Amino acid sequence: YSFSIKNDDISSFLLYSKFDDGHTCSTPTLNEEDVKARFLVAINSLIKDRVALIEDLRIMQKALTSCKEIDAQIDEYTTDMEMLTDAIRRHISNNATTAMDQEEYETKYNSLARRFDYAKKRYDELVRQKAERENKAIMIGGFMFEMMERDQPLKEFDDHLWLVAIDHVTAYHDGRLVFRFKSGLEVTA
């Protein structure tokens, strides 16, 4: 067994229940001081080679903020939705002013509506992906800033750095803690 906790603060990490569906998790019991000490080991391993780390983070951030392909697809689906909306309006208007076979009307209307729904679903998904990428780029920027500010190993736990840097921590039955940073990096301590 292993368990993973999203980062709100270190206290929420330690308050997690090790019992799920009647199964006892075999991960060792952790205390706050142990987690803090291991966090220091993890973050100091990154600070040690921070110049290379910051350069890698800049490259990751640049790749995430480049949304040309997503933007092109968003524009394409926006155009599709506008054209389908016009086609639906014309079809409804045509039905109102011209005697049409209602079965044919319904069939064509439903086809247009399905195509619109598909385009809208894809559009919404692309907008979500773009926002997710932009948020990730912001998180990487915050982590880069923190790493630029630190040229010496940390000697004591920093609550602010924990909140800014850690996405989640996974504890394993063998006692390992894997710290996943908001930049996507993982460090085992």
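Please refer to the structure higher up on the page.
Residues numbered from 1 in each chain as written. Predicted model: local features only at pLDDT ≥ 70, side-chain atom pairs only at ≥ 80, totals over all residues. Heavy atoms only, no water.

A. Main features of helix α4 (residues 68-97). For α4, with 30 residues, the first-to-last C-alpha span of 43 Å sits near the 44 Å given by 1.5 Å per residue. For α4, every residue scored as buried is listed here: Ile70, Ile74, Tyr77, Met81, Leu84, Ala87, Ile88, His91 and Asn95. (Helix = DSSP H or I, 4+ residues; strand = E, 2+ residues; numbered from the N terminus. Expected span 1.5 Å × (residues − 1). Buried < 20%, exposed > 50% of the residue type's maximum accessible area, 1.4 Å probe, protein only.)

B. Molecular detail of the packing of aromatic side chains. Under the definition given, this model contains seven aromatic pairs. The interplanar angle of 70 degrees and the centroid separation of 5.3 Å between the aromatic rings of Phe39 and Trp162 together place this pair among those described as edge-to-face. Highlighted residues: Phe39 in helix α2 (residues 32-48) and Trp162 in helix α6 (residues 159-165), separated in sequence by 123 residues. Here Phe39 falls in the buried class, since its relative accessible area comes to 0%. Under the relative-accessibility criterion, Trp162 is labelled buried at 2%. The interplanar angle of 85 degrees and the centroid separation of 6.3 Å between the aromatic rings of Trp162 and Phe179 together place this pair among those described as edge-to-face. (Phe/Tyr/Trp six-rings, centres within 6.5 Å; stacked < 30°, edge-to-face > 60°.)

C. Quick peek at the side chain of His91. Residue position: His91 is located in helix α4. A residue is classified by how much of its surface remains accessible, and His91, at 6% relative accessible area, is buried. Once residues within four sequence positions are removed from consideration, His91 is found in contact with Met100, Tyr105, Lys108, Tyr109 and Leu112. (Contact = heavy atoms within 4.5 Å.)

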